[in-house]
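So you can see what is in the structure, the chains are spelled out below.
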Amino acid sequence: MSIRIDEELCTGCGSCMESCIYRAIELKNNIATVLPNCTLCGACIEACPEEAITLERDDVKAQKLDISQFKGVWVVAEHYKKKIQNISLQLLSKGRELADLLQVNLSLVILGAEFDDKLEEFSLYGMDEIIYVKSPILKEYYSDLYTKVITELVLENKPEIILIGATPTGRDFAPRVAKRLNAGLTADCTGLEINLETRNLLQTRPTYGGAIMATIRTPSSRPQMATVRAGIFKMPEKIKKNVNIKKLEYDFKEIDSVSKIVKVISKTRNTVNLEDAKFIVAGGRGVGSKEDFRLIEELASVLDAELGGSRITVELNWLDPDRQIGQTGKTVSPKLYIACGISGAIQHIVGMQNSDIIVAINKDPNAPIFNWAHYGIVGDLHEIIPVLIDEIKKIKVEE
Ligand SMILES: Cc1cc2nc3c(=O)[nH]c(=O)nc-3n(C[C@H](O)[C@H](O)[C@H](O)COP(=O)(O)OP(=O)(O)OC[C@H]3O[C@@H](n4cnc5c(N)ncnc54)[C@H](O)[C@@H]3O)c2cc1C
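Worth saying up front: this structure is predicted, and the values here are computed from it rather than measured.

## Let's talk about unusual backbone geometry
Backbone torsion omega between Arg222 and Pro223 reads 0°, so that peptide bond is classified as cis. Mapped onto the secondary structure, Pro223 falls in the loop between strand S14 (212-216) and strand S15 (224-228). Even without being glycine, Lys158 reaches a positive phi, approximately 50°. Looking at where Lys158 falls in the secondary structure, it is placed in the loop between helix H6 (143-157) and strand S10 (161-165). A positive phi angle, close to 60°, is found at Arg199, a residue other than glycine. By secondary structure assignment, the location of Arg199 is in the loop between strand S12 (191-195) and strand S13 (200-207). On the basis of neighbour counts, which here come to 19 C-beta atoms within 10 Å, the residue Arg199 falls in the partly exposed class.

Below is the structure:
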């Protein structure tokens, strides 16, 4: 990108110089000139009364990209031990919706080594096509090989949307691919919609520390790339349909990569899998203390639910960090989410808003959590939860 000054329009008024906190503009022969320390912040564009300053994107300038050539929605599969991870299946479910709206194909792109006997099973997840890039070395994740292969595939096939899991792997290769393609990439999206008129992907994500939700478009570049965290979208229903399978064999060697995988060590610690939990009981600061959290645990136990909480409960050491739900914790979408003494800050909401049924217990009738809850109970959780536990136990005995 670069700042362009139209010499015909520039009057040398100096408004741009005053607006530039980096002192990156000076007047030469009464015409504004941009200096190398320009950060492309764009303040001068706003300041120019003659509209003589514009920001030019190199890709638009150089390639005059014909975005109408790009068609199709892709999901790049994340896999481990010959199993496609849930995040990729969830992206297939959203991808199907987007592809149907755009009336294009949905493709699953797998880079791997041992999937020949698995493709039929994978094909039940609603895609129209599987592109399987097979190479023995791709049994493991190689950052630069993923970047190379996906970039080449995109240049050849021109998909208009690529969805990737916001996992350590996805977060690693997605920006590398985007840079090579000069494409827009929005990380950690919590919502994806389509503007059918422009075919732009509307990518929503929290910004400014979660204070606001921003919707980002990349109208002048393709493909439109987005990473999404696990648990944002639902798992797809399995369906039987004809899926076109395209297999591409490569014979990459370790030498083709700058990195060498010496050993893969699986994490042995048992971490909770909140993303897949069907029922979650979560506590917030309103629970009062670590000891009082036993009440939340008891409610979770009678419901066979997982235990979760807001960030502050982790900071106060009432709860283990892997049970934090929200923007900097886990994203969950259970059938039932019971929020106890949680105010409903947006950073918490983005992690649980996709739950099927949300029940909130809070003593403040104006707590924002009630704007999201399907059922609200106003009152002291220390009085309400024991009654709930008793009632659930009674129902269980009757059953
Ligand atoms: C960059 C950033 C990232 C963040 N990430 C996350 C995140 O991932 N997850 C997250 O949760 N937060 C996150 N936060 C913090 C978030 O902004 C809130 O501060 C936090 O969610 C508040 O936690 P809380 O609702 O438990 O506590 P509070 O906001 O203090 O709410 C406590 C609630 O309990 C109610 N209450 C009190 N006593 C009782 C009682 N006896 N019975 C019933 N109700 C009672 C009160 O009315 C109140 O509504 C983040 C913040 C930032 C800036």
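That was the structure; now back to the text.
## Topic: the sheet that holds S12
Within the open sheet, the 3 strands sit side by side as S12-S13-S14. Their pairing is antiparallel. Looking at strand neighbours, the two that pair on one side only are S12 and S14, the edges of this open sheet. Strand after strand, the sheet turns through a mean of 25° between neighbouring axes, direction not considered. Pairing analysis gives 5 bridges linking S13 to S14, with the strands arranged antiparallel. Within the sheet, the bridge partner assigned to Pro206 lies in S14 and is Met213.

## A short note on the packing of helix H8 (residues 293-302) against helix H11 (residues 381-398)
Relative orientation of the contacting elements H8 and H11 amounts to 20°, with a least axis distance of 10 Å. Here H8 lies roughly parallel to H11, going by the angle between them. Of the two elements, H8 crosses H11, and the hand of that crossing is left-handed. Between H8, through Leu295, Glu298, Leu299 and Val302, and H11, the contact on the second element is made entirely by His382, Ile385, Leu388, Ile389, Ile392 and Lys393. Classifying every residue of the contact of H8 with H11 gives 7 nonpolar, 1 polar and 2 charged.

## Considering the pairing of strand S9 (residues 129-134)
As paired elements, strand S8 (residues 106-112) and S9 share 6 bridges and run parallel to each other. Note that in S9 the partner of Val109 across the bridge is Ile131. Pairing of S9 with strand S16 (residues 244-249) involves 6 bridges; the strand directions are parallel. Directly across from Ile130, in S16, lies its bridge partner Ile245.

## As for the site of the ligand
In the vicinity of the ligand there are 28 residues, among which Gly284, Gly286, Ser310, Gly326 and Ser343 approach most closely. Counting residues per element, the ones that place at least two in the shell around the ligand are helix H9 (311-315), helix H10 (346-352), strand S20 (357-362) and H11. Ranked by residue count, the leading element in the shell around the ligand is H10, at 3 residues. Of the residues assigned to the shell around the ligand, the class counts are 6 nonpolar, 17 polar and 5 charged.

Rules of the game
- Residues numbered from 1 in each chain as written.
- Predicted model: local features only at pLDDT ≥ 70, side-chain atom pairs only at ≥ 80, totals over all residues.
- Helix = DSSP H or I, 4+ residues; strand = E, 2+ residues; numbered from the N terminus.
- Buried ≥ 20, exposed ≤ 12 C-beta atoms within 10 Å, placed from the backbone.
- Pairing = 2+ DSSP bridges.
- Axes fitted to C-alpha atoms, helices over the stretch in contact; angles between N-to-C directions.
- Parallel < 35°, antiparallel > 145°, perpendicular 65-115°, else oblique.
- Left-handed = near helix turned anticlockwise from the far one by under 90°.
- Contact = placed C-beta atoms within 7 Å.
- Nonpolar A, V, L, I, M, F, W, Y, C, P; charged D, E, K, R; others polar.
- Near = placed C-beta within 6 Å.

Read these as spatial facts, not as claims about activity.
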